[in-house]
Amino acid sequence: MDVTAPVARLATAAALMLRLLTARSLQPSHAGALLRADDTGLHLIGTDGEVVVHLRVPATVHTPGEVVVPRRAVAETLTALDAADARLTVQGGRLAIRVPGARFALPSLPGATPPTVPLPPAHGTVTGDDLRTAAVPVAGAASREHALPMFTGVRLRTHDTALTLLATDRFRLATASIPWHAALPPATATPTDTDAASRATAGSIGAATGGSRVEALVPAAVLARAAQQLSRIPAVHVHAADDVFALSWDGGSITTATLGGGYPDAQLSRLLDIAPACTVEVDADTLAHAVDRAAAYGGAHGRVTLQAIDGALLVRADDPLTGESEQTVKATTDGAHTIRSFQARLLLDALRAFPHHTVQLRIQEGMRATAFTADLPAATLDYLVVPLRTPPSTDT
């Protein structure tokens, strides 16, 4: 392999691969990045055992070929270079990286070639910013206990003009809806023609009357990690098959296996049918700061109590060992002067899903979940948190 590539583009791709892949795998084969040069440019392919990342960088290919090198070492080497272009050449068992005045050589990793899996069919497109706005808070509501795999995922489901995301760990639930542009994509796509498939998909938006429906249960951690990194991508294409889910964009793709099982729609519909006894509107950041301060006084479980009073929310916490806290946060309240207790960690996750916004709390009767929502620019986001049991004498 002999190729010349722009250093900045190549370093950006190598760094993105590191961020999209986890570093926790102990298998040596997961530490490598495959660099493959062909007539379409220079491809970087890597896996951590859970996802496969495929990135492409425009390059001048002098001699096609491929080599597998440690992905962290190649990313760190390229990031440190101060040059416009770099010459990458395979020499014996090493990858030589040359720039004016310097040469670096990385060892190859025989037998550590990552898989190159085909992309499933593309069904439509969302913007990267919309995807991040919805996926990050929704994925945060998924369970981290792998004993129940269904609850560690985010369910994605498409409708005519919307993509909905939903996740729950049984103590909280988050759901969001973002604009969806259905498209009629090419029948098949492979990792080597990711960009061609993406361009064809993008070109069909608006002309298509609708693509096939998508319903997939995607690992929450994978989706959140990808959404954070793709927030500035104008068009992210959604691919899905029976057991594979992928996102692609101009220059790359990330592919993962879906989780088995499905969500009980009837039960979820009942949970999302909110009947508030009290409605509160309050600045999300201000309330989050108050809850964070109160959590230090909430004992081992971080129990924090919210009480709706005229024109304010009373934020309380007390514990025999840590003391007590009481703060008043300005708010607009409507309905009964209700008291509910929450685990501070869950309450903070809900409030932090709406930064710099006025959030509406719809507090229901008894032990029914409290719903948090706000007017976001593009996404519709609802976050439900189940309250802790409150002594009858203090719950009105």
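The residue numbering used here restarts from 1 in each chain and proceeds along that chain's sequence as written. Totals for whole chains, interfaces and linings use all residues, but because this is a predicted model, local features are given only for residues with pLDDT of at least 70 and pairs of side-chain atoms are given and counted only at 80 or more. For the side-chain quantities, the full set of heavy atoms in the structure was used; hydrogens and water were omitted.

If you want to describe how two helices pack, look at the angle between their axes and the distance between the axes. For the pair helix α7 (residues 284–295) and helix α8 (residues 344–352), interaxial distance at closest approach is 9 Å and the crossing angle is 160 degrees. Between α7 and α8, the angle falls in the class roughly antiparallel. In this structure, α7 crosses over α8, and the sense of that crossing is left-handed. Taking contact as the criterion, the partners of A284, L287, A288, V291, D292 and A295 in α7 are, on α8, A344, L347, L348, L351 and R352. When grouped by side-chain class, the residues that make up the contact of α7 with α8 number nine nonpolar, no polar and two charged. To get an axis, a line is fitted to the C-alpha atoms, and for a helix only the part in contact is used. The angle between two axes follows their N-to-C directions and goes from 0 to 180 degrees. The helix and strand labels rest on DSSP assignments: H or I over at least four residues marks a helix, E over at least two residues marks a strand, and numbering proceeds from the N terminus. Reported orientations rely on four angle classes, namely roughly parallel under 35 degrees, roughly antiparallel over 145, roughly perpendicular from 65 to 115, and oblique for the rest. Less than a right angle of anticlockwise turn of the near helix away from the far helix marks a crossing as left-handed, whereas a clockwise turn marks it as right-handed. Contacts are residue-level and defined by heavy atoms, with any inter-residue pair within 4.5 Å sufficient. Residues are sorted three ways: Asp, Glu, Lys and Arg are charged, Ala, Val, Leu, Ile, Met, Phe, Trp, Tyr, Cys and Pro are nonpolar, and all the rest, Gly among them, are polar.

Okay, the pattern of salt bridges next. A side-chain nitrogen of Lys or Arg and a carboxyl oxygen of Asp or Glu constitute a salt bridge if their distance falls within 4 Å. Counted under the stated rule, the structure contains ten salt bridges. The salt bridge partner of R36 is E66, with a shortest N-O separation of 2.9 Å. Taken together, the residues span a long stretch of sequence, with R36 in strand β2 (residues 32–38) and E66 in strand β6 (residues 65–70) at a distance of 30 residues. Residues joined in a network through salt bridges with shared partners are D169, R172 and D349.

So, about the sheet that holds strand β22 (residues 323–330). Overall, antiparallel pairing links the four strands, which are arranged β22-β21-β20-β24 in an open sheet. The outermost strands of the open sheet, each flanked by one partner alone, are β22 and β24 (339–343). On average, each strand axis in the sheet is inclined to that of its neighbour by 20 degrees, with strand direction left out of account. The pairing of strand β20 (residues 303–309) with β24 spans five bridges and is classified as antiparallel. By the bridge assignment for β24, T305 is matched with S341. The sheet contacts of α7 involve β20, β21 (312–319) and β22, and relative to β22 the element is tilted by about 175 degrees. Docked against the sheet, α8 engages β20 and β24, running at close to 95 degrees with respect to β24. Between any two strands, pairing holds if DSSP finds at least two bridges.

Let us look at the sheet that holds strand β9 (residues 102–107). One open sheet holds the five strands; their spatial order is β5-β1-β7-β8-β9, and the pairing between them is antiparallel. Edge strands, defined here as strands with exactly one partner in the open sheet, are β5 (60–63) and β9. Put simply, the sheet's adjacent strands are angled 20 degrees from each other on average, direction ignored. Bridging between strand β1 (residues 2–6) and strand β7 (residues 85–91) involves five bridges; their strand directions are antiparallel. Across the sheet, T4 pairs through a bridge with R87, a residue of β7. Running at roughly 90 degrees to β1, helix α1 (residues 7–20) makes contact with β1 and β7 of the sheet. Packing against the sheet, helix α2 (residues 71–79) makes contact with β8 (94–99) and β9, and its axis sits at approximately 170 degrees to β9.

When a residue's accessible area, from a 1.4 Å probe over protein chains only, is under 20% of the maximum for its type it is buried; when over 50% it is exposed; and in between it is partly exposed. Most of strand β11 (residues 153–158) is tucked away, with six of its six residues classed as buried. What you see with β11 is no split at all: G153, R155 and R157 on one side and V154, L156 and T158 on the other are buried throughout. As paired strands, β11 and strand β15 (residues 215–219) are joined by five bridges and run antiparallel to one another. By the bridge assignment, R155 is partnered in β15 with L217. Pairing of β11 with strand β12 (residues 162–168), which is carried by four bridges, proceeds in the antiparallel orientation. Residue R157 lies in a different strand from β12, and its bridge partner there is T164. Linkage of β11 to β12, two consecutive antiparallel strands, is achieved through a turn of three residues.

So, on to the nonpolar core. The nonpolar side chains of soluble globular proteins are, as a tendency, buried together. Ranked by internal contacts, the top residues of the largest apolar core, which has 105 residues, are L35, L88, L247, L287, F354, L361 and F372. Tallying contributions element by element places α1 first for this core, with nine residues. Excluding its chain neighbours within four sequence positions, the residues that come into contact with F372 are L347, A350, L351, F354, V359, Q360, L361, L381, D382, Y383 and V385. Residues F151, L217, A369 and L384 belong to the second largest nonpolar core, which totals ten residues. Throughout, nonpolar core names a set of buried Ala, Val, Leu, Ile, Met, Phe, Trp, Tyr and Cys residues whose side chains join them through atoms within 4.5 Å.

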